Amino acid sequence: MKLDSMYREVILDHYKNPHGRGLRDGDAEVHHVNPTCGDEITLRVKYDGTTIQDVSYEGQGCSISQASASVLNELLVGKELSEGQKIQETFLELVQSKGRIEPDDAMEEVLEDAVAFAGVSKYPARVKCALLSWMAWKDATAQALGGADAERKTA
Ligand code: ZN
């Protein structure tokens, strides 16, 4: 299918040319692994108040897990935390949809390149690959800002 091959191109491009890769100064660091596939990520977040100043990372594993970290960096850096959380929730909804969600314009506007992971939702074994860095980001954010605090700020 045409759309599928376009999505594959986007993922491969992020895999080959990752955005913002490398570990930089951060407020919190986490290390997450996806043992079923062997993917790993070390991720740091840097906040300026509630603005996502930086998300830096190092990782290894399949193209989906690594491309997903690159897309995350591209989408979240410079955004407000509340906006970042909205993007994360939308991404989760799409990737966990088991192929039931066909991204519409509104979703595409929120997710930009991340809509390319729509195809991944049809493959349960790859869903964890796509979500690895996003779960790491959520975890690091909770550590950097304090779980309860981060919840309250977006309430
Ligand atoms: Zn993987």
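Rules used throughout
- Residues numbered from 1 in each chain as written.
- Predicted model: local features only at pLDDT ≥ 70, side-chain atom pairs only at ≥ 80, totals over all residues.
- Heavy atoms only, no water.
- Helix = DSSP H or I, 4+ residues; strand = E, 2+ residues; numbered from the N terminus.
- Rg over C-alpha atoms; globule rule 2.2 N^0.38 Å.
- Buried < 20%, exposed > 50% of the residue type's maximum accessible area, 1.4 Å probe, protein only.
- Contact = heavy atoms within 4.5 Å.
- Areas by Shrake-Rupley, 256 points an atom, 1.4 Å probe, with all protein chains shown as cover.
- Patch = residues over 30% accessible without salt bridge, like charges linked within 9 Å, V, L, I, M, F, W, Y side chains within 5 Å.
- Salt bridge = Lys/Arg side-chain N within 4 Å of Asp/Glu carboxyl O.
- Lys, Arg positive; Asp, Glu negative; His and termini not counted.
- Charge placed at Lys NZ, Arg CZ, Asp CG, Glu CD.

Caption draft 1: The overall build of the protein chain, seen in detail. The helix and strand tally for the protein chain stands at six helices and three strands. When the helices and strands of the protein chain are listed from N to C terminus, the series reads α-β-β-β-α-α-α-α-α. Relative to the compact-globule value of 15 Å for 155 residues, the protein chain shows a C-alpha radius of gyration of 15 Å, a close match. Summarising its shape, the C-alpha atoms of the protein chain cover approximately 45 × 30 × 25 Å along the three principal directions. Residues classed as buried in the protein chain amount to 45% of the 155 residues present. Considering only contacts in the protein chain between residues 6 or more positions apart, those separated by 24 or more positions represent 65%. As presented, the protein chain carries roughly 7900 Å² of accessible surface, and 49% of it is formed by carbon and sulfur atoms.

Caption draft 2: View of a negative patch on the surface. A contiguous patch of negative charge, built from Glu74, Asp104, Asp105, Glu108, Glu109 and Glu112, is present on the exposed surface. In terms of residue count, helix H4 (residues 105-111) provides more of the negative patch than any other element does, three residues in total. Tracing the sequence through the fold places Glu108 in helix H4.

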